[in-house]
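# Observations on the three-dimensional arrangement
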Amino acid sequence: DAGVTQSPTHLIKTRGQQVTLRCSPKSGHDTVSWYQQALGQGPQFIFQYYEEEERQRGNFPDRFSGHQFPNYSSELNVNALLLGDSALYLCASSLGHRPTNEKLFFGSGTQLSVL
Amino acid sequence: AQKITQTQPGMFVQEKEAVTLDCTYDTSDQSYGLFWYKQPSSGEMIFLIYQGSYDEQNATEGRYSLNFQKARKSANLVISASQLGDSAMYFCAMREGMNSGYSTLTFGKGTMLLVSP
């Protein structure tokens, strides 16, 4: 049973560029959340997708956008990259309508470096 | 105000000893959940233990237990019989709005645990 998979594992971009990160949820999960983890910090919630729609959003600018596909996989897009966007981007999956003690399953993340 | 506060940036413990990692939280919700995750150097967040706000007993999962003191709004993680493989970052997290079917977590800044032989 494959867990949450993310690609690529590492990425280097320059300021102003655009980046796309990808995530495949754990088998059987239909909800994908994205988190940004800056160095030395805890993960911060970016947004969550369920049934191909953004359902909740954290305090991130519109430069951060996403998409969910019919197979539940998801993409995170960041436009006009800033140095401060350098972070580990974590994808988490869950089953949206399960009891709310449902734990999130995380991938190993994509390490984005903006130069 | 911080919703999740972890006051210990780093903790040291000897192998086979017990260690307590502190976590306090802030919420006005009556129904919420508290989680602990472990993050080794590989980056993946690994679920350890969960405590619901209405659970009367402290949660336990193997060597992990959660010391839940609701009135003090604290949810400390206790690791018994530490092992070298326990060396990692540990994050406390909270889910509010438990009537929602959607799972978002607010994390603390984490505590780095180092286990020495």
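Residues numbered from 1 in each chain as written. Chains lettered and ligands numbered in written order. Predicted model: local features only at pLDDT ≥ 70, side-chain atom pairs only at ≥ 80, totals over all residues. Heavy atoms only, no water.

### Some thoughts on the packing of aromatic side chains
How we decide: By convention, a stacked pair of Phe, Tyr or Trp rings (six-membered ring in the case of Trp) has centres within 6.5 Å and planes under 30 degrees apart, an edge-to-face pair has planes over 60 apart, and any other such pair is tilted. Secondary structure is summarised from DSSP: a helix means a run of H or I of at least four residues, a strand means a run of E of at least two, and numbering begins at the N terminus for each. Relative accessibility decides the category of a residue: with a 1.4 Å probe and only protein chains considered, values under 20% of the type maximum give buried, values over 50% give exposed, and everything between is partly exposed.
A complete count under the given rule lists 15 aromatic pairs over all chains for this structure. Ring plane angle 55 degrees and centroid distance 5.7 Å describe the contact between A:Y35 and A:F106, whose orientation is recorded as tilted. Of this pair, A:Y35 sits in strand β4 (residues 31-37) while A:F106 sits in strand β10 (residues 105-106), and the two are 71 residues apart along the sequence. According to the relative accessible area criterion, A:F106 is buried, its value standing at 4%. Ring centres 5.7 Å apart and planes at 90 degrees place the aromatic pair A:Y35 and B:F107 in the edge-to-face group. Here the residue A:Y35 occupies a position in strand β4, and B:F107 occupies one in strand β11 (residues 106-107), the pair thus bridging two chains. Both residues of the pair, A:Y35 and B:F107, belong to the buried class. Following the ring pairs from residue to residue traces out a cluster consisting of A:Y35, A:F45, A:F106, B:F35, B:Y37, B:F47, B:Y50, B:F91 and B:F107.

### Looking at the pairing of strand β11 (residues 110-114) of chain A
All names here are of chain A. In plain terms, the rule: A pair of strands counts as paired when DSSP detects no fewer than two bridges linking them.
Side chains of β11 alternate between two faces, with T110, L112 and V114 buried and Q111 and S113 left unburied. Pairing of strand β2 (residues 10-13) with β11 involves 4 bridges; the strand directions are parallel. By the bridge assignment for β11, K13 is matched with V114. In the sheet, strand β9 (residues 87-94) pairs with β11 via 3 bridges, with the strands oriented antiparallel. Its bridge partner being in β11, Y89 is matched across the sheet by T110.

### Thoughts on unusual backbone geometry
Cis geometry is adopted by the peptide bond preceding A:P8, which originates at A:S7 and carries an omega value of -10 degrees. Unusually for a residue other than glycine, A:E52 sits at a positive phi of about 65 degrees. By the element assignment, A:E52 lies in the loop between β5 (44-50) and β6 (53-57). Backbone geometry at B:K16 places phi at a positive 80 degrees, although glycine is not the residue there. On the secondary structure map, B:K16 appears in the loop between β2 (10-14) and β3 (19-21).

### Quick look at the pattern of salt bridges
We count it as follows: Whenever a carboxyl oxygen of Asp or Glu lies within 4 Å of a side-chain nitrogen of Lys or Arg, that contact is scored as a salt bridge.
What the rule picks out here adds up to 7 salt bridges over all chains. In this structure, the salt-bridge partner of A:R57 is A:E54, at a minimum N-O distance of 3.0 Å. The class for A:E54 is partly exposed, based on a relative accessible area of 36%. Here B:D86 makes a salt bridge to B:R63, at a shortest N to O gap of 2.8 Å. On the criterion of sequence distance, the pair formed by B:D86 in the loop between β9 (74-79) and β10 (88-95) and B:R63 in the loop between β7 (60-61) and β8 (64-69) is long-range, its members being 23 residues apart. On the basis of relative accessible area, B:D86 is assigned to the buried category, the value being 2%. Taking relative accessible area as the criterion, B:R63 reaches 22% and is therefore assigned partly exposed.

### Some remarks on the interface of chain B and chain A
Rule in force here: What makes two residues a contact is simply this: any of their non-hydrogen atoms within 4.5 Å. Here the quantity called buried area is the total loss of accessible area, with a 1.4 Å probe, experienced by two parts when brought into contact, counted for both. Residues adjacent in sequence count toward polar contacts only when both atoms are side-chain atoms; beyond that, a polar contact is any pair of N or O atoms within 3.5 Å, and within protein one must be able to donate a hydrogen and the other to accept it.
Contact with chain B, which involves 21 residues of that partner, is made by 25 residues of chain A. Summing both sides of the interface, chain B and chain A together bury roughly 1900 Å²; the carbon and sulfur share of this comes to 53%. In this assembly, chain B and chain A are joined by 0 salt bridges. Across the chain B-chain A interface, the total number found is 3 residue pairs in polar contact (both at pLDDT 80 or more). The set of elements that each furnish at least two residues to the side of chain B that touches chain A consists of β5 (33-39), β6 (46-52) and β10 of chain B. Per-element tally for the side of chain B that touches chain A: the top contributor is β5(B), with 3 residues.

### Considering the state of the cysteines
All names here are of chain A. As a reminder, the rule being used: Note that a disulfide, as used here, is simply two cysteine sulfur atoms within 2.5 Å.
Counted under the stated rule, the structure contains 2 disulfides over all chains. The disulfide bridge from C23 ends at C91, spanning 1.8 Å between sulfur atoms. Taking the sign of the torsion about the S-S bond as the criterion, the disulfide between C23 and C91, at about -60 degrees, is left-handed. Of this pair, C23 sits in strand β3 (residues 19-24) while C91 sits in strand β9, placing them 68 residues apart in sequence. A residue is classified by how much of its surface remains accessible, and C23, at 2% relative accessible area, is buried.

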